[in-house]
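Residue-level listing of the chains:
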Amino acid sequence: MFFDSHCHLTDARLFADLENVLNRAESAQVTQILSIAVDLDDAQRILALCDERRVFASAGVHPASALEWNDASSAQLEMLAQNPHVVAIGECGLDTIYDDSHLEFPGATRARQAEVLEAQLEIAARLQLPVVIHNREADEDLLSILQNWREKLSGGVFHCFSSSPAIARRVLDLGFHLGFTGIVTFKNARELQEVAGMCPLERILIETDAPYLAPTPHRGQMNEPSFVPFVAAKIGELKGRSREEIGQITTNNARKLFGI
Ligand SMILES: [Zn+2]
Ligand SMILES: [Zn+2]
C-alpha cells in the first residue's frame, strides 16, 4: 500500500474529477492521502473531503499567499488545526519566485514570508503538530529559522525535496523527513537520486504534489495520487528494495510522523 503524503485535491483540476481520482488511487493501492492546504480557506475546503481512514488534511498558508496573512490568521489557523482530521501545519515556508523582488509574480517580501512562516511554526509547536515545509531556493534562510525552532517542533517534512545532498544532510540533522516527488524519476535528476540513495529509509516520504510534477512515464500529464507508486518504484530501484517494500516503509513513516 502507498501513502501520498502531499497533493492538492482541492486544486480545480483534481477537484473537477475527484471521485474518479480517488477511485483510481484506491485501485493503485494508494490507500491514504494527505491533501495539503495552501491557505486557510483551502484548509476548510479540504476538511469537507476528509474521512476517518483515507483522506487527511493539513492547515496552513503557502508563502505565495503570505500577503493574505493578517492579525486574525493565527487564531483561525489554531482553530482549524484542532480539527482531528488536520494532521500537519502547512504547507508553509519560503519561495523566491513569489518574493516581491521578482517582477513576474509580485508577492510578499522574503522578510514577510519569514514572519508568516514563524507564526505558523509557533502554532505547530504549541499544538505539537508536524510541519510541511515548502522551499524554493531558500535553503539557508529556512535552515537558520528551523534551527531556532528545532527543540520546540515535533518534526516535519521538507516536501518536494530538490536541494543538494549537502543540504539534505543538514535537513536530516535537524530531524526532518525528506519528501520525494516524481522529480526523482526524471532522467536528469541524478543529484536528487543521490539524495534518495543516502537518505535513511525511515526518513523518506513519497508524494505526488499533484496536480503538478507527474512522474515518468506520465511526465507532462496532469499528476494524481494514483501515480505515487512510480515514485516508490524509483526509490526502490535506488535502494535495492521492491516497490511494495518502499510503499510499506514510507506509509509507516507517514503514519508515524502525522500520528495516523
Ligand atoms: Zn510546495
Ligand atoms: Zn504543495
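The sections below set out a description of the structure shown in this document.

This part covers the pattern of salt bridges. For the structure shown, the criterion picks out 15 salt bridges. Between Asp-95 and Arg-136 there is a salt bridge; the shortest N-O distance is 3.0 Å. Separated by 41 residues along the polypeptide, Asp-95 in strand β4 (residues 86-95) and Arg-136 in strand β5 (residues 131-136) bring together distant segments of the chain. Among the residues examined, Asp-95 registers a relative accessible area of 0% and is labelled buried. Put simply, Glu-140 and Arg-170 hold a salt bridge, and the shortest N to O gap is 2.9 Å. In this pair, Glu-140 sits in helix α6 (residues 139-149) while Arg-170 sits in helix α7 (residues 165-173), placing the two residues 30 residues apart along the sequence. Exposure remark for Glu-140: the relative accessible area of 45% places this residue in the partly exposed category.

Backbone torsion omega between Ala-210 and Pro-211 reads 10°, so that peptide bond is classified as cis. Looking at the element boundaries, Pro-211 is found in the loop between β8 (204-206) and α9 (228-239). For the bond from Thr-216 to Pro-217, the omega torsion is 10°, close enough to zero to count as cis. Inspection of the secondary structure puts Pro-217 in the loop between β8 and α9. With phi around 45°, Cys-160 is a residue other than glycine that occupies positive phi space. Tracing the sequence through the fold places Cys-160 in the loop between β6 (156-158) and α7.

Parameters at a glance
Residues numbered from 1 in each chain as written. Chains lettered and ligands numbered in written order. Predicted model: local features only at pLDDT ≥ 70, side-chain atom pairs only at ≥ 80, totals over all residues. Heavy atoms only, no water. Salt bridge = Lys/Arg side-chain N within 4 Å of Asp/Glu carboxyl O. Helix = DSSP H or I, 4+ residues; strand = E, 2+ residues; numbered from the N terminus. Buried < 20%, exposed > 50% of the residue type's maximum accessible area, 1.4 Å probe, protein only.

Functional significance is not addressed by these values, which are geometric in nature.
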